[in-house]
Structures are given as structure tokens and as C-alpha cells.
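Survey of secondary and tertiary structure
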Amino acid sequence: MIHSGGHDRLKSRRAVFLHAGRLLWCILFFSWLVTGFVLFSAAHAQPPPATDANGPHAAKLHIDDAEYVHPFFEARGISGTVSVSRTDSRTINLQSRGLRLRLLSLPQTGLRFENVEIQGTVALDTITGDFTTEDLLLEVPDLGTLTLAATLGRESIHGDLRAEEMDFGKALAPFLPHKIGTPRVPAGLRIHFQKGSDGAWQARVNIRFAKASFHDPDYLYAGENLTGTVTVNASGKAGRFPVQLSLTTGIGDGEIVWNRFYLSFATHPFTSELNFRLETDGKIVRGSVNRGSARLKNLLHVRLDGSSCETFPDECEFRLRLPKQPVAPILDVFLKEAYGTMFPWLSEARWKGWIEARMRLAFGSKLNEAVGRLHLEDVDFEVQPRKISIHDLNFTLPVWYRRKPKTDAGTDAGSESAHASESLSGVLGWKDFRFSSLGFASLRLPLTAQLNGYRIAQKVLLRINGQRVLLGPGRLENVWSPDRSGTVEIQAEDLDLSNFLPESLGKIVRPKVRIPKQSLRLDRRRILFQKPLTIRIFGGTVTVHRLAVEKIFSPAPEILLDATWKDIDLERLTEATQFGRITGRLTGSVKNLRIAYGAPVSFDLVLKSQDQAPVQKKISIIAIDNLSQVGTSQSPFMGAAGLLKVFFKDFPYKKIGIRCTLENDYFTIRGLVREQGKEYLVKRGALHGVDVINQNPRNRIAWNDMIRRLKRIRKSGRPEMR
Amino acid sequence: MKDARWTPRVLVLLLTMGLLSCVTINIYFPAEQVEKAAEDIVGEIRKQSQDQEKPPAKPDKESSLPWIHRWIFSVRSAYAAQETVVSNAAIRQLKSRLARHDSQLSPYFQRGVLGEGADGYVVILNAGALSIKERAALRRLVNMVNADRRALYEEVARALNVNLNQVGRIAQVFAKEWQRTARQGWFIQTPDGNWRKK
């Protein structure tokens, strides 16, 4: 398996850029290489004998293990024979039928070719000093055969290098990420180059590739049937800088997969243009892009407004821009399709609106930084099955990412922070946002990007179903790393939680929570309420401690909490849940409640009647019946509860005490009132009443069994458990 | 005098070293329980997966069989009431998800595209036989299955009160069960890292 983290991707991106620059060097120097080599051959040829009346005499020049080192290329192990002859009084022909180069390399590009063979004829005009060749063949193993037609004057050069059936795979391999290996790139090549007597030169390189392919060993990073063209126009002065380059690329067919992302170039043809120049001070080569653009038709358009490089192609900075364009195709391909398996609800997502961005990206071994803003404009978003909808979303998201922040220069960080507060502000706003039964009124939330984080400077009013919630101030740190953390203040007075409950329950229960000044803390994948929450419900209070949401970025977040309660009016509670009437007050607690995938995983629940209750303590037959069925699966009335109800409506009780635990999918129910070796769930009153005794204290009830019991109670048509 | 001053210190040092060398750090790992859990959970996932792959039963034909034949030969679905060593809502949900996705992965196992790794996770072995679009879809599916398997091992660790840094060991125990219940022709990874066809 290949694991590709963000760091790897950055490295790969940088490597691709590094290699792209080297590729241009390669193409240009290859032309110079060929012309230089011809000059070398001519320079090593001995003067031929004079022509006599019988025609030209041929001489042979034997070369054995010679080498030629040029600033841009090296030829080593040159061996073979060059025939030298005259065709007329002013022309000398140098003919090779197999001049072999053990190694031909371009040190600046990392390219190396072994066992290159050269065949053909070069004619030397002894008067003008021009070298001319029409058909010099270069056989390069793993690359193909190149044909050179050129004229090399004392001060000018012009020529054409062409190849019809080459495989650029090996030549491109050093320019691709290592895991890709050697691609297969069948291509035709045309290079036209010329240099005038004033030293000015220009070259045009045209590569047509068809059905190119690449893949890593696991075929997870791969491209197939890639068909397109690459055109490079370059100009400059011989041996001098600057050099002007323009690069045009088009891919009109084929498809590519990059881990979870898939793209078809037949559906979204790719075109790009890049204009840049290379400069040097004699030691360091600097490059800068004047302008550029890349476009995936009907999907994405990116512009490059400029760049500057300290050393080309390392340590470069780019100014990128996403012109205003529809957001839907981008989210469809890069979000819905790529993450739909993990988050199936994405397949139902519908969106429209606009996206725009400006970003400064810095690449290099010492610094990796992205600073800029991304705008979502007039976006509508809907997931119908989940009842989620946002209308008129306008989001200016400032971004300030740095891979390796400076840790040893506090002053530096401070100055950057000040810079951020001035220029890296953003705002999140919408006109209408609905999430199930919750309705969020229009919002405007200003936020500021800080180094690898965000800050909400002030309190912002959020209205949820007409209720006021104050959000902020807050901060978020290390947002781009797994170690993200942060806090945000939240404040609300008597927030009605019935809107957060299922609709059926929300109609009969109206719990209210008071949040005087709560702080939410994010720690990696966990959100924790730092202070207890107090909820008023059924005339009593529930205090929730340690409320946390775990795995918040996963498809299945979990809820963990502890809670205690007191003074809960049992009559109102049992009426709401239709369990059967019980009067009195309830106290108790739940510890280690963990809810995952919408169901409880574990808890330790204690329910006790309060001794000092201001009301009578009574329990109905139906409640006793249901309690017994849930606890022991047997009714004490053996199905006669309906009949008994005619004579007895309620029984007085002295105490209710139940402890219920869930662990490993098994419930245990224990009575907390223990007298004379018996364990009571409900203890009768002093004079009369009904005891509910736990006959089997070691009884463990399987999850499936418990569900069946609850369903049975529901089917009985009397009480209903919700 | 000098020796006399140093002797107690050396003795204390030696004694401390001796004591430290006698300390045995026991890392709690209930191997038998984990093995039982792996057997139950993987067995159930594979059974559910195979049930999902089967075409829907034809009740007319089955009901035409004499009842005694049905009683003797038919396999009953009794897993709902089986007691496993560890289970909870999360494990049940993960089992259900893994069973559903296992049935989606099984054709790829059969074709040799996927293999059961020795570390308890699914490995893409040879995606070259697939179309490029299928590769992307398979990658997404395998990522999700492996994330679910990881979550399952963590749940088992929690249920058995095993430290989460032992999840790797739990995964290796589960790997044996995934491989044991793998079908004929599926690729499985041996502990030395090599692959063989079952």
C-alpha cells in the first residue's frame, strides 16, 4: 500500500516543478549537444589528403575512448571510425558508420544515456567553415532514433532535430515522483533551432504524445491513454541570460487516478500556458513566471499571475488565482466523487454558486507557505434526505499556512501576526441555514487567519430558531495538522432544547439549558465542554459533566458524558414517556455514557426516588407491569394488569431504586433497596402496595432481548417507550 | 577514607540497578479473549457477507421440501442471540458495515486484486487488471474498510480494557481470522511478508 500524506504531496508537487524546469533545460541542451558534438567530430578530424585526378581519397580517423566535456553535456568513451573524404575542392565529408558513445549525460538535468550510436555525414565547407548535415542519425537506447539536419556556421547555427517513434519514458522518469517509476510515452519530436551571427538564438520544440501511460507499483497513481502535445518556444543570447521561454501543453484524451481522485481528460480536456524567463548572476540561476494558466474544461481554471525564485527551480514563490467560476463541478469531482464512499450523504448533496481565490504559494526546502483568500459567493447547498440546506452562503476564508513555522524568533511571529490582523481577515455569512429542525437566522461572523490558525475576535450573535446564542471570542491553532486545538466561548440564556430533540419528543418535553459562559475546547479530534451544563427539565435539574464529542471528523462521531439529576417530577416524566404513571421526585446519575452510531455503547445509570418529596409517592399498575417486564421479562400480574386496573389505580411506594448498566452489549438491572436478603426495584409503602423484587440479581439481559422487551411493551398498545 | 566514603554510594547504586533489573513490566493483553472475539466477530462478518452475496431464496421451492428435510439440512440464523466475548453498539454497527463492504470486496479478492494482510488490513496487490476508474473506486472502498477495521480493533481493545497502544497486536490476532476465513484462491500474507494463494 502507498500512504501519501500531505508532506509527501508537497514533496511530490515540488519535485514535479523541479523536474519541469529540468525538462526545459534538457530540451534546449539536447539541441546544443548535437551541434556541439558535430563540431567536436570536425575538430578531431585530421586534414584530408588533396584530391587527385582519380577522384576523392578517403582517410579514416580512428577514435578510441575519447571524451568531450561541454558546460552543458558530457560525452565519454567515444569510440569508432570517421571516414574523411573530399567531394570537391571546397567540401570535406566526415562520415560515421557507427560512432559509439559509452555515456552521454546532461549533468544539470540528471539525464544519462548509455551506448549512444551516431551515423551519418557531416560536410565541411573549407571556404566558409560551415558544417552541414542532412541526415545525422542518433540511436539512443530506450529513447529511439533522432535525425538531425543542421548547418553550423562560424557564427550561426540552424537546424532541425526530429524523431517519429520515440519513447520519452526513460527521459521523463527522472522528472516524475520516484514511486511512479518509468512511464511509457510514445511520442514524436520536432526541434527547430537557430542562432544568428549576433548571438541571438531561438528554439521551438514540439512533442506529440499518444497513449502515454504511467503507474506506481500498486497502480494507485496512474495515467492511461494520455494523448496531447507539448510546445516550447525559447529564445535568448548564446551563453547569456535572460532566456525567455513559453510552454504550452494540451491533453485531450486519457484518464488519470491519484489515490482517491479520478479525472477523465476526454470529459475535461487540459490546456496550459506558461511564460517565464531565466536569469543568472553567473552563480545562481533565477526564474520567474510572467504569466500562466491551466484549465480543465468545464471544471477548473487556475491562473498564475507571477512568480519569483531565489534559485531556479528551488525556493520559488507563485501567485496563483482562481478566477470566478462555478463551484459545483469542482465539488462534484474533488469532494462528492472522492469522498462519497466514506460519507454516503455526499451523493445526495446539491450545490451551486461561485468560487474565487487568490493565493501566494512558496515552495522550497526551507519554507512552505500558503497565504491568501478563498471566496465562496452566493452558494446554495442542500442535502435533502438529511434536511440540510444553506442559502446565500458567502464565505471569505483567509488562509495562512506554513509547514515549518519559525519557533526561535518570537519577534518574527509577532510581526506576522500584526500583518495577519491587517490583511488576512475573512467573514462567514449566510442568509438562511437549516439543519433538521434547527433554523439558523442570517449570520455574519468575522474571522482572522493567523499563522496556521484562526481567531474570532468578538462575540457574534447567532439566532437558532429565534433564540439567542452568543459565539466567540475564540481561536484555533495548528488547523492544518492533526494536532489542531482551540477554544471558543459560547453563551446562552434559557436555550430551549426541544428543537434539538426528535420531533415526537420535542412536542412534549421542553428542556431548557442555561449557558452562562461556556468554553468549548477542541483537542485533535475531540470537542469538550469545559464547564458543566445545567438543564431544567420536568421541574428538576440535570447537570451534565464532561460532555464531549469524539472523532468529530469521522463519519461516526461519538458522544461521551456524565450527568446527575435531582427534583425531576416523575409524574411529568412518566406522562411524557407514556411508561405508566408514577408520582414523586427522581434523583440519580449516569456515568460513562457513550453513544456511538446513534446508539448507547455503555453507561452506568442510577435512578432513585427522592425521600424528601413534596408530593405523594404512587406508582400505577401499568408502570409496575412495564418495569417488571423490562427488568425480569415477567409481569407480577400475569397479564391481569388490565383487570386489576379497574380496582386499583395506583399503589403507594416507599422507595424506587434501580441501577442499570450496559457493557459489552449486556444490561444488568439491580435493585438498590436491599432488605432481608431481597433486592427490590420498588419497595411498597408501609401499609399496602406492591413490591417489585429483582428475582435474579445476576440476570444479564442481552441487547437483542432488551430491544424485544421494549418492542413488546410498545405493541401492548398501552404504554409506549420512546 | 576516600574509599570508605564511596563504598555506600556504590552499594546503593548497585542495589538500585539490581532492583530495577528485577522489575518486570507486564502489559495486559488477554490473548485468549482477543482470539475468541476475533473468531466470533470475523466469523459473523464473513457469514453475513456470504448471505448478502447469495441470490434471494426461493421460498416456494424450499417449502415444497418435506419438513423433516428442512429441519435436518437447513442452517438457522441464530447469530442474533449468540453471546460473543465483546460486543456493543459500535461493534455491531462496524460488523454490519464490514459485512456489507466485504461482499463488495470479495470479487476483487477472488481475482487476486486484493489480499488479506498479516497486519489485519486489506491490501491492494494488483490493481493493474482494473480500469483506471475502478482503481479509484476500489481505493476509496479499501480505505474505508481499513478505517472500519481499525475502529473495530480499537473497540475490541476498549471492551477488553486493553491499552490502545496494543491495537497492533489485536489487529494481528484478527489477521489470522481474516485469513482463516478467506476463501480458496484468495491471497493471504504470511508473517514473513510473502504472499500465497489459499
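Above this text is the structure in question.
Attention in this report is confined to the structure presented alongside it. None of the values given here were measured: they were computed from a predicted structure. (Residues numbered from 1 in each chain as written. Chains lettered and ligands numbered in written order. Predicted model: local features only at pLDDT ≥ 70, side-chain atom pairs only at ≥ 80, totals over all residues. Heavy atoms only, no water.)

1. Concerning the overall build of chain A
In plain terms, the rule: Secondary structure elements are defined from DSSP: runs of H or I of at least 4 residues count as helices, runs of E of at least 2 residues count as strands, and each element is numbered from the N terminus. For every residue, the accessible area (1.4 Å probe, protein chains only) is compared with the maximum for its type, and the residue is labelled buried under 20%, exposed over 50%, or partly exposed between those bounds. Note on definitions: a residue-residue contact is assigned when non-hydrogen atoms from the two residues lie within 4.5 Å. A 1.4 Å probe and the Shrake-Rupley method give the accessible areas. Residues count as covered only by the protein chains that appear here.
Scanning chain A from N- to C-terminus turns up nine helices and 41 strands. A total of 722 residues make up chain A; the buried ones form 47% of that total. By sequence separation, contacts in chain A at least 24 residues apart represent 52% of the contacts at least 6 residues apart. About 36500 Å² of surface is accessible on chain A, with carbon and sulfur atoms providing 53% of the total.

2. Quick notes on the overall build of chain B
Across its full length, chain B carries seven helices and four strands. Residues classed as buried in chain B amount to 43% of the 198 residues present. Excluding contacts between residues fewer than 6 apart, the proportion of contacts in chain B whose partners are at least 24 apart in sequence is 67%.

3. Here we look at helix α5 (residues 89-110) of chain B
Residue and element names in this part refer to chain B. Filter applied, for reference: Helix span is expected to be 1.5 Å times the residue number reduced by one. One axis is fitted to the seven residues ending at the residue and one to the seven starting there. The bend at that residue is the angle between these axes.
Taking 1.5 Å as the rise per residue, α5 with 22 residues should run 32 Å; its terminal C-alpha atoms sit 31 Å apart, in good agreement. At Gln104, α5 shows its maximal bend, which comes to roughly 35 degrees, and the proline Pro107 appears one to four places after that position. Looking one or two residues beyond α5, the residue adopting positive phi is Gly112, at roughly 80 degrees.

4. So, helix α6 (residues 132-159) of chain B
Residue and element names in this part refer to chain B. For α6, built from 28 residues, the straight-helix expectation of 40 Å at 1.5 Å per residue is met to within 8% by its first-to-last C-alpha distance of 41 Å. In terms of burial, α6 is a largely internal element, 21 of the 28 residues being buried. Positive backbone phi, at 55 degrees, marks Asn161, one or two positions downstream of α6.

5. A short note on the sheet that holds strand β4 (residues 195-197) of chain B
Sheet strands associate in pairs through backbone hydrogen bonding, adopting either a parallel or an antiparallel arrangement. Residues and elements named next belong to chain B. Selection criterion: Paired strands, as defined in this entry, are two strands with at least two bridges between them according to DSSP. Angles shown run from 0 to 180 degrees and are taken between the N-to-C directions of axes, each axis being a line fitted to C-alpha atoms and, for helices, limited to the stretch in contact.
If you walk across this open sheet you meet the four strands as β2-β1-β3-β4, and the pairing is mixed. Each of the sheet's edge strands pairs with one partner strand only, and the pair in question is β2 (122-124) and β4. Neighbour to neighbour, the strand axes of the sheet diverge by 35 degrees on average, direction disregarded. Strands in contact with α5 are β1 (114-116) and β2; relative to β1, the strand with the most contacts, it is inclined by about 100 degrees. The sheet contacts of α6 involve β1 and β2, and relative to β2 the element is tilted by about 160 degrees.

6. Description of unusual backbone geometry
All names here are of chain A. At the junction of Gly472 and Pro473, the peptide bond is cis and its omega measures out at 0 degrees in the coordinates. Residue position: Pro473 is located in strand β26 (residues 467-477). Residues other than glycine seldom take positive phi values, yet Asp392 does so here, at roughly 50 degrees. Overall, Asp392 belongs to the partly exposed group, its relative accessible area being 29%.

7. Overview of the environment of Asp496(A)
All names here are of chain A. Inclusion rule: What qualifies as a polar contact is a pair of N or O atoms within 3.5 Å, subject to a donor-acceptor requirement within protein and to the restriction that residues adjacent in sequence count only when both atoms come from side chains.
As for its placement among the helices and strands, Asp496 is situated in strand β27 (residues 485-496). With relative accessibility at 6%, the residue Asp496 sits in the buried group. Along the primary structure Asp496 and Val509 are separated by 13 residues, whereas in three dimensions their C-alpha atoms are 9.8 Å apart. Excluding residues within four positions of it along the chain, Asp496 makes contact with Gln467, Arg510, Pro511 and Lys512. A polar contact of 2.8 Å, which involves the side chain of Asp496, links it to the side chain of Ser498.

8. Topic: the pattern of salt bridges
Pairing is possible between side chains that carry opposite charge, provided their charged atoms lie close to one another. Residue and element names in this part refer to chain A. Condition: One speaks of a salt bridge when a side-chain nitrogen belonging to Lys or Arg is within 4 Å of a carboxyl oxygen belonging to Asp or Glu.
Applying the stated criterion across every chain, the model contains 43 salt bridges over all chains. Ionic pairing is found between Glu164 and Arg190, a salt bridge with its closest N-O pair at 2.9 Å. Taken together, the residues span a long stretch of sequence, with Glu164 in strand β7 (residues 157-167) and Arg190 in strand β8 (residues 186-195) at a distance of 26 residues. Classification of Glu164 by relative accessible area gives partly exposed; the value is 47%.

9. Quick notes on the packing of helix α2 (residues 31-53) of chain B against α6(B)
All names here are of chain B. The condition that has to hold: Handedness of a crossing follows from how the near helix is turned relative to the far one, being left-handed for an anticlockwise turn of less than a right angle and right-handed for a clockwise one.
Interaxial distance between α2 and α6 falls to 12 Å at its minimum, and their mutual angle equals 145 degrees. In terms of crossing hand, the pair formed by α2 and α6 is right-handed. When α2 is examined against α6, the residues Ala37, Ile41, Ile45 and Arg46 are found in contact with a partner set consisting of Arg149, Leu152 and Val156.

10. Overview of the pairing of β26(A)
All names here are of chain A. Taken together, the three bridges between strand β24 (residues 453-456) and β26 define a ladder with antiparallel strand orientation. What sits directly across from Arg455, in β26, is Arg475. Here strand β25 (residues 460-464) pairs with β26 via five bridges, running antiparallel. Opposite Ile464, over in β26, you have Gln467 as the bridge partner. A loop of two residues connects β25 with β26, the two strands running antiparallel in sequence, and Asn465 in this loop sits at a positive phi of about 50 degrees.

As far as function goes, none of this settles anything; it's purely spatial.
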